[in-house]
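Examination of the molecular architecture
So the chains spell out like this:
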Amino acid sequence: MDNNREFLMRRLHSLLGIIPIGLFLTQHLIVNHFATQGVESFNKASEFMANLPFVIFLEIFVIYLPILYHAFYGLYIAFTSKNNPGHYSYLRNILFVAQRYTGVFLVVFIAWHVFETRFQVAIGAAAAADFNMMENILSNPFMLAFYIVGVLAAVFHLSNGIWSFLVTWGITQSEASQRNATYFTLLVFIVLSIIGIRALFAFV
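**Comments concerning the overall build of the protein**
- Across its full length, the protein carries 8 helices and 0 strands.
- Its helices and strands in sequence order give the protein the pattern α-α-α-α-α-α-α-α, from N to C terminus.
- A globule of 204 residues ought to have a C-alpha radius of gyration of about 17 Å, and the protein, at 18 Å, matches this closely.
- Taken along the three principal axes of its C-alpha coordinates, the protein extends 50 × 35 × 30 Å.
- Expressed as a percentage of the 204 residues in the protein, the buried residues total 39%.
- Put simply, of all contacts in the protein between residues at least 6 apart along the chain, 72% involve residues at least 24 apart.
- In the form shown here, the protein has an accessible surface area of approximately 12000 Å², with 70% of it arising from carbon and sulfur atoms.
- Averaged over its 10 positive side-chain charges, the protein has a centre that lies 14 Å from the centre of its 9 negative ones.

Below, the structure is given as structure tokens:
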């Protein structure tokens, strides 16, 4: 692949991982967290999101197409990239590898999640992606465990991706700024993980 083209594709992959995908994941977890306030609260939040103006346009161009590009190009990176250069720390190399593994897992998890929810509504097999749907899905202990791993993988992939984004785009160049970015992304991981896991157990 031409170096300039690959450079641009990697930049686009990095940018889409944060905007809009990272913002969508955060919003999705927050909407799901309404389940902790009860059935009616979650259904209202879910219905509000489903009835946004131009929702089909938003889903296609702000969610699905960016996720598809990020996923498929991410798979290419995962299966062709070597480990980080030696000037990165041992921990950062571990996180680099974990980013690749979680990315591959998330392709499977997201595809299954969309199939179980949005696709079932689209084909008329379910009336709506509401509280009862998630309650039924997560009543299976295997699926609950699968979703817990999925949420943690997604949050890790985002938070670690933020660190990589800041370095890739030249925002954090010094060792001190990269260390501060590590603390910030760790906080992002903890906060979003708590929100996501609390939401899952609210459906159980």
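**Looking at the nonpolar core**
- In terms of nonpolar packing, the biggest core is built from 32 residues, with Leu29, Ile137, Leu138, Tyr147, Leu192 and Phe203 touching the most fellow members.
- Those elements that provide at least two residues to this core are helix 2 (21–33), helix 5 (90–122), helix 6 (131–138), helix 7 (141–168) and helix 8 (175–202).
- Sorting elements by how many residues they give to this core places helix 7 first, with 14 residues.
- Once you skip the residues sitting within four places of it in the chain, Leu29 turns out to touch Val151, Val155, Leu192, Ile195 and Gly196.

**Digging into the packing of aromatic side chains**
- A complete count under the given rule lists 15 aromatic pairs for this structure.
- Ring centres of Phe131 and Phe203 lie 5.0 Å apart, and the angle between their planes is 50 degrees; on these two criteria the pair is classed as tilted. With Phe131 in helix 6 and Phe203 in the segment after helix 8, the pair connects residues that are 72 residues apart, well separated along the chain.
- Ring centres of Phe142 and Phe146 lie 6.4 Å apart, and the angle between their planes is 0 degrees; this geometry places the pair in the stacked category. On the criterion of helical spacing, the pair formed by Phe142 and Phe146 is a turn pair, its members being 4 residues apart in helix 7.
- What makes Phe146 buried here is its relative accessible area of 16%.

**Details of helix 5**
- Relative to the 48 Å expected for 33 residues at 1.5 Å per residue, helix 5 spans 46 Å between its end C-alpha atoms, a close match to the ideal helical length.
- Its maximal kink placed at Phe115, helix 5 deviates by approximately 40 degrees.
- Count one or two residues on from helix 5 and you reach Gly124, which has phi positive near 85 degrees.

**So, the side chain of Thr172**
- Relative to the helices and strands, Thr172 resides in the loop between helix 7 and helix 8.
- For Thr172, the side chain forms a polar contact with the main-chain nitrogen of Val167, separated by 3.5 Å.
- Among residues more than four places away in sequence, those in contact with Thr172 are Leu166, Val167, Ser177, Gln178 and Ala181.

**Examining the environment of Tyr90**
- Positionally, Tyr90 belongs in helix 5.
- Classification of Tyr90 by relative accessible area gives exposed; the value is 68%.

**Re unusual backbone geometry**
- Of note, the bond from Ile19 into Pro20 is cis; its omega dihedral lies within 30 degrees of zero at 15 degrees.
- You can see Pro20 is positioned in the loop between helix 1 (3–18) and helix 2.
- Unusually for a residue other than glycine, Phe54 sits at a positive phi of about 55 degrees.
- Assignment of secondary structure puts Phe54 in the loop between helix 3 (39–50) and helix 4 (55–80).

**Quick look at helix 6**
- Within helix 6, burial applies to Phe131, Met133, Met134, Ile137 and Leu138. Down the axis of helix 6, the sector holding all buried residues measures 160 degrees, keeping them to one side.
- The backbone nitrogen of Asn132 has a side-chain oxygen 3.3 Å away, supplied by the residue at the start of helix 6, namely Asp130.

The rules behind these values
Residues numbered from 1 in each chain as written. Predicted model: local features only at pLDDT ≥ 70, side-chain atom pairs only at ≥ 80, totals over all residues. Heavy atoms only, no water. Helix = DSSP H or I, 4+ residues; strand = E, 2+ residues; numbered from the N terminus. Rg over C-alpha atoms; globule rule 2.2 N^0.38 Å. Buried < 20%, exposed > 50% of the residue type's maximum accessible area, 1.4 Å probe, protein only. Contact = heavy atoms within 4.5 Å. Areas by Shrake-Rupley, 256 points an atom, 1.4 Å probe, with all protein chains shown as cover. Lys, Arg positive; Asp, Glu negative; His and termini not counted. Charge placed at Lys NZ, Arg CZ, Asp CG, Glu CD. Core = buried A, V, L, I, M, F, W, Y, C linked by side-chain atoms within 4.5 Å. Phe/Tyr/Trp six-rings, centres within 6.5 Å; stacked < 30°, edge-to-face > 60°. Expected span 1.5 Å × (residues − 1). Bend = angle between axes of the 7 residues up to and from the residue. Polar contact = N/O pair within 3.5 Å; in protein donor to acceptor, adjacent residues only side chain to side chain. Arc of directions from axis to C-beta.

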